[in-house]
Amino acid sequence: MATIEECRAALEKLSDSMGDAEGDVAAAAAMDRSVSCRITDLDVTFVGRMTGGRIVVHDTVQGPPKEKAQIRLTMSGDDLVALVNGELNFAKAWGSGRVKLEAGLKDLFQLRKLL
């Protein structure tokens, strides 16, 4: 089982990858939205903001987030680490229910360029 530190490191790696993106991917990464990433097996949620082509984690809270973020991810810690390391295909994980992504319709269309 991935630790909180490993999950935070995976989110930082994802943020770095977004910062290096070009073209349509860079445009999608440049959205300014609140984000949360709920790690079910650790019962924690990373809360932050996608801004300037990066994900900035502001806080880690126990349990579900107090406020509903505009973009919400839910998965296990191991799945987060595997996704970021390229060991788990996002579309397959999302289709099977291992990863949940919730956002407004417009944001979902933009996010598909990232995923």
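Quick caveat, the model's predicted, so the values are computed rather than measured.

1. Here we look at the overall build of the protein
Logical step 1: Along the backbone of the protein there are five helices and five strands.
Logical step 2: For a compact globule of 115 residues, the expected C-alpha radius of gyration is about 13 Å, and the protein comes in at 13 Å, within 12% of that figure.
Logical step 3: Its C-alpha atoms give the protein principal-axis dimensions of roughly 35 × 30 × 25 Å.
Logical step 4: In the protein, which comprises 115 residues, the share counted as buried stands at 38%.
Logical step 5: Taking the intrachain contacts of the protein between residues at least 6 apart in sequence as the baseline, contacts between residues at least 24 apart amount to 59%.
Logical step 6: Per element, the accessible surface of the protein, about 6600 Å² overall, is 52% carbon and sulfur.
Logical step 7: Where the 15 positive side-chain charges of the protein centre and where its 17 negative ones centre are 7 Å apart.

How each quantity is defined
In every chain, residue numbers begin from 1 and rise along the written sequence. With pLDDT at 70 or above as the cut-off, local features in this predicted model cover only qualifying residues; side-chain atom pairs require 80 or more to be listed or tallied, and sums for whole chains, interfaces and linings still use all residues. The basis for every side-chain value is the complete set of non-hydrogen atoms in the structure, without hydrogens or water. Think of it this way: any DSSP run of H or I at least four residues long counts as a helix, any run of E at least two long counts as a strand, and we number them from the N terminus. Radius of gyration: C-alpha atoms only; globule rule: 2.2 Å multiplied by the number of residues to the exponent 0.38. A simple rule labels every residue: compare its accessible area, found with a 1.4 Å probe on the protein chains alone, to the largest value its type can have, and call it buried under 20%, exposed over 50%, or partly exposed in between. Here, residues are in contact when the closest pair of their heavy atoms is within 4.5 Å. Surface accessibility follows the Shrake-Rupley procedure with a 1.4 Å probe radius. Residue values consider only the protein chains on display as shielding. Only four residue types enter the charge count: Lys and Arg as positive, Asp and Glu as negative, with His and the chain ends excluded. Throughout, a charge is located at the NZ atom of Lys, the CZ atom of Arg, the CG atom of Asp or the CD atom of Glu.

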